[in-house]
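Structural features, examined
Each chain is listed here by its residues.
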Amino acid sequence: MSALTLDQLPDIVLLHIMQFCSAEDLVSLQSTCKRIYDLFGCDVLWKTLCVRDFGIDDIGTTAISSFHSLYTNLLFKYGYMLGLYQSQVGPLGGLLEVRYQKGVIEGVSWEPSSMEDVSAPLKEYLYFSVSGYEAGQPQCFPGLDSHTCTLSIDKDRGIITQLCSKKASHSTDSSGMDFLHLNLDPRKVRQIFLSDTIRKGLEHHPLIIPSPSNIPSSLLNKDHSIPRQIFAPGLFQGSYSSHGLETILFTFKDENEMLGIKVTGDTNVFASKPTVKLLLRYPVAPSITEQKSLRDLKNTEPSRTEAPIHDIVEQPFVVPEDCYERSTTTHPSKCMARYHGLGQIAAAWYHDSRFIPVQVVVFNNDLIGVLWLELASFSLLSRIKQTFTQNILKNSRGALHEFGYKF
């Protein structure tokens, strides 16, 4: 029995073979014969490619006639930008999600909706949008004197560059401003830096959130669950005195240390800098936690232990009476564990940066606190629970790798 030629295969078999091709290969393949050319326009094929390459299985709007149009007009050029990013807005950084909604790719900045409530949901601000209706030109800050911009992505590094075409629309210049003495609202400071940055070209660097698999296996319970004395890695919103709320990414450096890195920063400790190091082998003894004075806590010498994490007992917690607490969010009266650690402080513009002793309080998997002993201050940090779009470019290393933090 002779083998079938390609031309003798049923359409359903050819379509099945074609769905394993890249979009570029399909463009080349369609020119080989009329039959392949006709199958090239089959929308079932392009829906498969939309799901495979970008995770989109629903167009979400009647304005786009087909998955073929969606892929060729929008996703092929801009779909690889989908995911989570750290915006490079001066020292302040930023949390940006590029998402798909109803035929439009949007770049949304997620920012605090409160100055003091760490449990308050984030508020979205639109940085750019691209419509797939007619392969539209990207719009810069739609709704706010909307104008065009260019968007490009370096697929090797996963970095998006947003370049405004109407620079006069972002006229605020931060040069020469004395932010230390102007006493501006943190949101106003962000707007100044954003206006200054977008005129020169705003970069968004990929931000990869560690999964629970980032937790060293030696710290897990026998059933591989997470002990209540530690917390899963992820994004947290924390109170930082007069700077307001900032976004922190926590991850495990190894079985001995957790690291908190600023996704958003301030004019003292910049974005992408470490803010807290939690020393897992140096738990605070329950007898010490009963001390209510910061002076007593400052005089406590950390002591290393090799005992399992799950041996740490639940203990009461109160903010020391001589300690300033910024957040309006209430916290439990008991904590699952408390650790010695280090927190980074700095003078204005990251001058004279140094690490000082802190105590990190684990209330539960979604809520932690930091006692800044030298500053007589208490910060509360709450997990950001919303679900973000997954990064399409899985091979991108993530923004914080550039600063030597390997997850």
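Going by an unreviewed UniProt entry, the protein chain carries the name F-box domain-containing protein and comes from Petrolisthes cinctipes. According to the UniProt record, the Sequence similarities (unreviewed entry) comment for the protein chain reads "Belongs to the FBXO31 family." Turning to the protein chain, the UniProt annotation filed under Pathway (unreviewed entry) states: "Protein modification; protein ubiquitination."

Time to look at the pairing of strand β4 (residues 123–131). Summarising the sheet, strand β3 (residues 104–111) and β4 pair through 8 bridges and their orientation is antiparallel. By the bridge assignment, Ser 109 is partnered in β4 with Tyr 125. Two elements, β4 and strand β5 (residues 139–140), share 2 bridges in a ladder whose sense is antiparallel. Residue pairing across strands places Phe 128 opposite Cys 140, the latter belonging to β5.

Attention now moves to the packing of aromatic side chains. What the rule picks out here adds up to 15 aromatic pairs. With 6.4 Å between their ring centres and 70° between their planes, Trp 110 and Phe 388 make a pair best called edge-to-face. Of this pair, Trp 110 sits in strand β3 while Phe 388 sits in the segment after β19 (377–383); the two residues are 278 residues apart in sequence, bridging distant segments of the chain. Neither Trp 110 nor Phe 388 differs from the other in exposure class; each is buried. Between Phe 236 and Phe 250, the aromatic rings sit 5.4 Å apart at their centres with planes inclined by 85°, giving edge-to-face as the arrangement. Here Phe 236 is found in strand β9 (residues 234–239), whereas its partner Phe 250 is found in strand β10 (residues 245–254), with 14 residues between them in sequence.

Now for the layout of surface pockets. Put simply, the largest pocket is a space of about 880 Å³. Around the largest pocket, the lining is made up of 43 residues, and of these Tyr 240, Ser 242, His 243, Glu 246 and Asp 266 lie nearest the centre. Elements represented by at least two residues in the lining of the largest pocket include exactly β3, α6 (179–182), α7 (186–198), β10, β16 (337–347) and β19. Per-element accounting of the lining of the largest pocket gives the leading share, 4 residues, to α7. In terms of residue class, the lining of the largest pocket is built from 18 nonpolar, 18 polar and 7 charged.

Here we take up the state of the cysteines. Counted according to the given criterion, the structure contains 0 disulfides. Here Cys 149 stays unpaired: no disulfide links it, and the sulfur of Cys 140, its closest cysteine neighbor, is 4.6 Å away. Of the residues examined, Cys 149 reaches a relative accessible area of 0% and is grouped as buried.

Basis of the calculations
- Residues numbered from 1 in each chain as written.
- Predicted model: local features only at pLDDT ≥ 70, side-chain atom pairs only at ≥ 80, totals over all residues.
- Heavy atoms only, no water.
- UniProt positions renumbered as here; feature names shortened; annotations may be inferred.
- Pairing = 2+ DSSP bridges.
- Helix = DSSP H or I, 4+ residues; strand = E, 2+ residues; numbered from the N terminus.
- Phe/Tyr/Trp six-rings, centres within 6.5 Å; stacked < 30°, edge-to-face > 60°.
- Buried < 20%, exposed > 50% of the residue type's maximum accessible area, 1.4 Å probe, protein only.
- 1 Å grid on protein atoms, 1.4 Å probe; cavity = no way out; pocket = protein on both sides within 12 Å on 5 of 7 lines; lining within 4 Å.
- Points joined across faces, edges and corners; volume = space filled by probe spheres on them.
- Nonpolar A, V, L, I, M, F, W, Y, C, P; charged D, E, K, R; others polar.
- Disulfide = S-S within 2.5 Å.

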